[in-house]
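# Breakdown of the fold
Each chain, written out:
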Amino acid sequence: MERARALIDDLGADLDRRLLTERNPAERLRLLRETTNRITRTANDAVQAYVRGRRSVDARLERDGDAPEAATMRDRLRVARVELLEAIERAKRRY
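Residues numbered from 1 in each chain as written. Predicted model: local features only at pLDDT ≥ 70, side-chain atom pairs only at ≥ 80, totals over all residues. Heavy atoms only, no water.

## A word on the side chain of T42
Quick note on the threshold: Put simply, DSSP marks the helices as runs of H or I at least four residues long and the strands as runs of E at least two long, and each gets a number from the N terminus on. Polar contacts here mean pairs of N or O atoms no more than 3.5 Å apart (in protein, one a potential hydrogen donor and the other a potential acceptor; neighbouring residues in sequence count only if both atoms are side-chain atoms).
Residue position: T42 is located in helix α2 (residues 25-64). Of note is the side chain of T42, whose polar atom sits 2.8 Å from the backbone oxygen of R38.

## With respect to the confidence of the model for the protein chain
Our working rule: The predictor rates its confidence in each residue with pLDDT, a number between 0 and 100.
Mean pLDDT over the protein chain stands at 93; residues scoring 70 or higher make up 100%. Mean pLDDT across the elements of the protein chain bottoms out in helix α3 (residues 68-94) (92) and peaks in helix α1 (residues 2-21) (95).

## Regarding the pattern of salt bridges
Stated precisely, the cut-off is as follows: When a carboxyl oxygen of Asp or Glu is within 4 Å of a side-chain nitrogen of Lys or Arg, the pair counts as a salt bridge. With a 1.4 Å probe rolled over the protein chains alone, any residue whose accessible area is under 20% of its type maximum counts as buried; one over 50% counts as exposed, and the rest are partly exposed.
Under the criterion given, the structure shown has 17 salt bridges. Across the pair R30 and E27 runs a salt bridge whose closest N-O atoms are separated by 2.6 Å. Note that R30 and E27 are positioned in helix α2 at a spacing of 3 residues, about one turn of the helix. Across the pair D58 and R54 runs a salt bridge, and its minimum N-O distance is 3.0 Å. Taken as a pair, D58 and R54 lie in helix α2 at a separation of 4 residues, close to a single helical turn. Owing to a relative accessible area of 35%, D58 belongs among the partly exposed residues under this scheme.

## Some words on α3
Our working definition: Each helix should span, by expectation, one fewer than its residue count multiplied by 1.5 Å. Here, residues are in contact when the closest pair of their heavy atoms is within 4.5 Å.
With 27 residues, α3 extends 39 Å between its outermost C-alpha atoms, agreeing within 8% with the 39 Å of an ideal straight helix rising 1.5 Å per residue. Among all positions in α3, only A70, A71, L77, A80, L84, A87 and A91 are buried. Looking at the buried side of α3, the elements it contacts are α1 and α2.

Listed below in C-alpha coordinates is the structure:
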(Lines give C-alpha, C1' and ligand atoms only; values in the text may rest on other atoms or scores of the structure.)
Protein backbone atom coordinates (compact mmCIF):
# COMPACT_ATOMS: atom_id res chain seq x y z
CA MET A 1 0.00 0.00 0.00
CA GLU A 2 2.84 2.36 0.76
CA ARG A 3 4.32 1.78 -2.68
CA ALA A 4 0.91 2.33 -4.27
CA ARG A 5 0.64 5.75 -2.65
CA ALA A 6 4.06 6.74 -3.96
CA LEU A 7 3.28 5.34 -7.41
CA ILE A 8 0.01 7.29 -7.64
CA ASP A 9 1.83 10.52 -6.76
CA ASP A 10 4.61 9.71 -9.26
CA LEU A 11 2.10 8.94 -12.03
CA GLY A 12 0.44 12.31 -11.45
CA ALA A 13 3.73 14.19 -11.47
CA ASP A 14 4.82 12.37 -14.64
CA LEU A 15 1.55 13.24 -16.35
CA ASP A 16 1.94 16.89 -15.39
CA ARG A 17 5.42 16.97 -16.94
CA ARG A 18 4.24 15.29 -20.12
CA LEU A 19 1.23 17.57 -20.48
CA LEU A 20 3.46 20.64 -20.30
CA THR A 21 5.10 19.74 -23.61
CA GLU A 22 2.19 18.07 -25.41
CA ARG A 23 0.01 20.40 -27.49
CA ASN A 24 -2.05 17.89 -29.45
CA PRO A 25 -5.47 17.66 -27.72
CA ALA A 26 -5.98 14.03 -28.75
CA GLU A 27 -2.60 13.01 -27.35
CA ARG A 28 -3.23 14.99 -24.15
CA LEU A 29 -6.51 13.11 -23.70
CA ARG A 30 -4.78 9.78 -24.37
CA LEU A 31 -2.14 10.57 -21.74
CA LEU A 32 -4.82 11.52 -19.23
CA ARG A 33 -6.82 8.34 -19.87
CA GLU A 34 -3.73 6.16 -19.67
CA THR A 35 -2.64 7.70 -16.38
CA THR A 36 -6.14 7.55 -14.92
CA ASN A 37 -6.35 3.84 -15.78
CA ARG A 38 -2.97 3.17 -14.18
CA ILE A 39 -3.94 5.09 -11.04
CA THR A 40 -7.21 3.15 -10.83
CA ARG A 41 -5.46 -0.22 -11.22
CA THR A 42 -2.85 0.75 -8.63
CA ALA A 43 -5.51 1.88 -6.16
CA ASN A 44 -7.55 -1.28 -6.69
CA ASP A 45 -4.49 -3.47 -6.11
CA ALA A 46 -3.70 -1.54 -2.94
CA VAL A 47 -7.25 -1.93 -1.65
CA GLN A 48 -7.06 -5.68 -2.25
CA ALA A 49 -3.75 -5.81 -0.35
CA TYR A 50 -5.29 -3.82 2.51
CA VAL A 51 -8.24 -6.21 2.74
CA ARG A 52 -5.95 -9.25 2.80
CA GLY A 53 -3.64 -7.66 5.35
CA ARG A 54 -6.47 -6.53 7.58
CA ARG A 55 -8.08 -9.98 7.53
CA SER A 56 -4.78 -11.57 8.48
CA VAL A 57 -4.19 -9.12 11.32
CA ASP A 58 -7.75 -9.46 12.60
CA ALA A 59 -7.46 -13.26 12.57
CA ARG A 60 -4.18 -13.08 14.49
CA LEU A 61 -5.64 -10.72 17.07
CA GLU A 62 -8.71 -12.90 17.46
CA ARG A 63 -6.59 -16.03 17.85
CA ASP A 64 -3.81 -14.66 20.07
CA GLY A 65 -5.40 -11.72 21.80
CA ASP A 66 -3.51 -8.45 21.74
CA ALA A 67 -0.32 -9.68 20.05
CA PRO A 68 2.02 -6.66 19.88
CA GLU A 69 3.18 -7.45 16.33
CA ALA A 70 -0.39 -7.70 15.07
CA ALA A 71 -1.39 -4.49 16.81
CA THR A 72 1.60 -2.71 15.25
CA MET A 73 0.70 -4.06 11.81
CA ARG A 74 -2.93 -2.96 12.30
CA ASP A 75 -1.69 0.57 13.02
CA ARG A 76 0.62 0.53 9.99
CA LEU A 77 -2.25 -0.62 7.80
CA ARG A 78 -4.46 2.13 9.16
CA VAL A 79 -1.83 4.79 8.40
CA ALA A 80 -1.15 3.35 4.92
CA ARG A 81 -4.89 3.37 4.19
CA VAL A 82 -5.20 7.04 5.12
CA GLU A 83 -2.15 7.95 3.04
CA LEU A 84 -3.50 6.02 0.05
CA LEU A 85 -6.85 7.77 0.30
CA GLU A 86 -5.06 11.13 0.45
CA ALA A 87 -3.06 10.27 -2.70
CA ILE A 88 -6.26 9.26 -4.49
CA GLU A 89 -7.91 12.52 -3.41
CA ARG A 90 -4.93 14.52 -4.73
CA ALA A 91 -5.17 12.73 -8.07
CA LYS A 92 -8.94 13.28 -8.15
CA ARG A 93 -8.58 17.03 -7.59
CA ARG A 94 -5.81 17.25 -10.13
CA TYR A 95 -7.70 15.57 -12.96
